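Remarks on the overall topology
Chain by chain, the residues:
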Amino acid sequence: MAYENIIFEVKDPGVGLLTINRPKALNALNPGTLDEINDVIDTVEREGNVRVLVITGAGEKAFVAGADITEFPKMNALEAYLFALKGQKLFFRLEQLPVPVIACVNGFCLGGGCELAMSCDFIFASEKAKFGQPEINLGIIPGFGGTQRLARLVGRAKAKELCMTGEMISAEEARAIGLVARVFPADQLLEETLKVATALAQKSQIALRSIKKVIDEGVGVDLRSGCELEANAFGLVFTSEDAREGVNAFLEKRKAQFKGG
Ligand code: CO8
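Treat the numbers as computed from the prediction; the structure is a model and nothing was measured.

By the definition in use, this model includes 17 salt bridges. Measuring nitrogen to oxygen at the nearest pair gives 3.3 Å for the salt bridge that ties Glu47 to Arg46. Glu95 is paired through a salt bridge with Arg149; the nearest N and O atoms lie 2.7 Å apart. A residue pair is termed long-range when its members are at least 10 positions apart, and Glu95 in helix H2 (residues 77–95) and Arg149 in helix H4 (residues 146–154) qualify at 54 residues. Here the salt bridges share partners, and the residues they tie into one network are Asp42, Glu45 and Arg93.

See the structure below:
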């Protein structure tokens, strides 16, 4: 598939870099962009050569400033509902990818953009980034999962405050409330994110996949059931080739070479 709205490249050692590339519209998500992200997810699942996926926005101003508002006037209620479902389905696919996904937020991260970032495993942000769910200012509400993921990430009261006021917060404030993992100077963000992505790409893929699955599935159940999920996964990962290699490398005082088995 030839892309019009995104750029996708795979760098050694298996770091996929997906750039939303509509800088004139502050990388707003139109249906075509959602289709192209979906195609990248297909590729990552099919080819198996991407060990970590990084998502960022083109240009200096925005990660993604939301769903493309110019699409809204032509939609009736059913079409709006279907567009919301399309975004939600895509973001569930992204969340369930078996590899780590890092949002590299270089600027405005609003509405559907914030919803996209929250579907990633964690968010690194430029100190210039701004986060928000400003849909209320358009007389609408978040539709790509924002009310639900934000409440789970930062708590119900803060999520309500952000969705009800529609006000933007700084990267530092987003870090303080647990939405953002790390904040970097703007000119170092991509480099630092790729450094972390490269480090993750060299770790045990089976262990990473297991951590992702157990944390995501565990937050939805009671503590005892979550710990049972962890113990079962621990047993499986413990017998992997990578676990043998990791433990042997430690005992032999050398760097582990994980092969993904
Ligand atoms: N959609 C379409 N175009 C956009 C968007 C957007 N979300 N955001 C910015 N643009 C365009 C502007 O229209 C402008 O285009 P042009 O140059 O042709 O006039 C260009 O990008 C640059 O933007 P500005 O001139 O406005 O730049 P400023 O620096 O003055 O302001 C802001 C930057 C504050 C980010 C401002 O552009 C803004 O408020 N944007 C809209 C943010 C927003 O409301 N986002 C939420 C959208 S709704 C949503 O995401 C719901 C998701 C669920 C949908 C469910 C299905 C229906």
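Two numbers describe how helix H1 (residues 31–47) lies on H2: the axes approach to 10 Å, and their chain directions differ by 25 degrees. Here H1 is positioned roughly parallel relative to H2, judged by the angle of their axes. In this structure, H1 meets H2 at a crossing whose hand is left-handed. In this structure, H1 uses Pro31, Leu34, Asp35, Ile37, Asn38, Ile41, Asp42 and Glu45 to contact H2, whose residues at the interface are Phe83, Lys86, Gly87, Leu90, Arg93 and Leu94. A breakdown of the residues in the contact of H1 with H2 according to their chemical character gives seven nonpolar, two polar and five charged.

Counted as a void, the largest pocket has a volume near 1000 Å³. Forming the boundary of the largest pocket are 34 residues, of which Glu95, Cys120, Asp121, Asp216 and Val219 lie nearest the centre. Secondary-structure elements contributing two or more residues to the lining of the largest pocket are H2, helix H3 (112–118), strand S7 (122–126), H4 and helix H8 (205–218). Counting residues per element, the lining of the largest pocket draws most heavily on H8, at eight residues. Broken down by class, the residue content of the lining of the largest pocket amounts to 18 nonpolar, seven polar and nine charged. A domain-level breakdown of the lining of the largest pocket finds at least three residues from each of domain 1 (6–201) and domain 2 (204–252). As for the second largest pocket, its lining consists of 22 residues, of which Ala67, Phe72, Glu135, Ile140 and Ile141 are closest to the centre. The set of elements that each furnish at least two residues to the lining of the second largest pocket consists of H2 and H3. Residues belonging to the lining of the second largest pocket are distributed by class as follows: 16 nonpolar, four polar and two charged.

With that settled, consider the side chain of Ser119. If you trace the backbone, Ser119 turns up in the loop between H3 and S7. Judged by relative accessible area, Ser119 falls into the buried class, the value being 2%. Within polar-contact distance, the side chain of Ser119 engages the backbone oxygen of Glu115 at 2.8 Å. Every residue in contact with Ser119, bar those within four places of it in the chain, is listed here: Phe91, Leu94, Glu95 and Arg149.

Right, let's get into the packing of aromatic side chains. Remark: the centre distance and the inter-plane angle together describe each pair of aromatic rings, the angle taken between the planes. Using the criterion set out here, one finds five aromatic pairs in the structure. Geometrically, the ring pair formed by Phe122 and Phe124 is tilted, given 5.3 Å between the ring centres and 45 degrees between the ring planes. By relative accessible area, which is 27% here, Phe122 ends up partly exposed. For Phe124, a relative accessible area of 2% gives the class buried. Pairing Phe234 with Phe238 gives two aromatic rings, centres 5.7 Å apart and planes at 25 degrees, and the pair type is stacked. Of the two residues, Phe234 and Phe238 both sit in helix H9 (residues 223–238), four residues apart, roughly one turn of that helix. A relative accessible area of 56% means that Phe234 is categorised as exposed.

Analysis parameters
- Residues numbered from 1 in each chain as written.
- Predicted model: local features only at pLDDT ≥ 70, side-chain atom pairs only at ≥ 80, totals over all residues.
- Heavy atoms only, no water.
- Salt bridge = Lys/Arg side-chain N within 4 Å of Asp/Glu carboxyl O.
- Helix = DSSP H or I, 4+ residues; strand = E, 2+ residues; numbered from the N terminus.
- Axes fitted to C-alpha atoms, helices over the stretch in contact; angles between N-to-C directions.
- Parallel < 35°, antiparallel > 145°, perpendicular 65-115°, else oblique.
- Left-handed = near helix turned anticlockwise from the far one by under 90°.
- Contact = heavy atoms within 4.5 Å.
- Nonpolar A, V, L, I, M, F, W, Y, C, P; charged D, E, K, R; others polar.
- 1 Å grid on protein atoms, 1.4 Å probe; cavity = no way out; pocket = protein on both sides within 12 Å on 5 of 7 lines; lining within 4 Å.
- Points joined across faces, edges and corners; volume = space filled by probe spheres on them.
- Domains from an automatic or database assignment.
- Buried < 20%, exposed > 50% of the residue type's maximum accessible area, 1.4 Å probe, protein only.
- Polar contact = N/O pair within 3.5 Å; in protein donor to acceptor, adjacent residues only side chain to side chain.
- Phe/Tyr/Trp six-rings, centres within 6.5 Å; stacked < 30°, edge-to-face > 60°.

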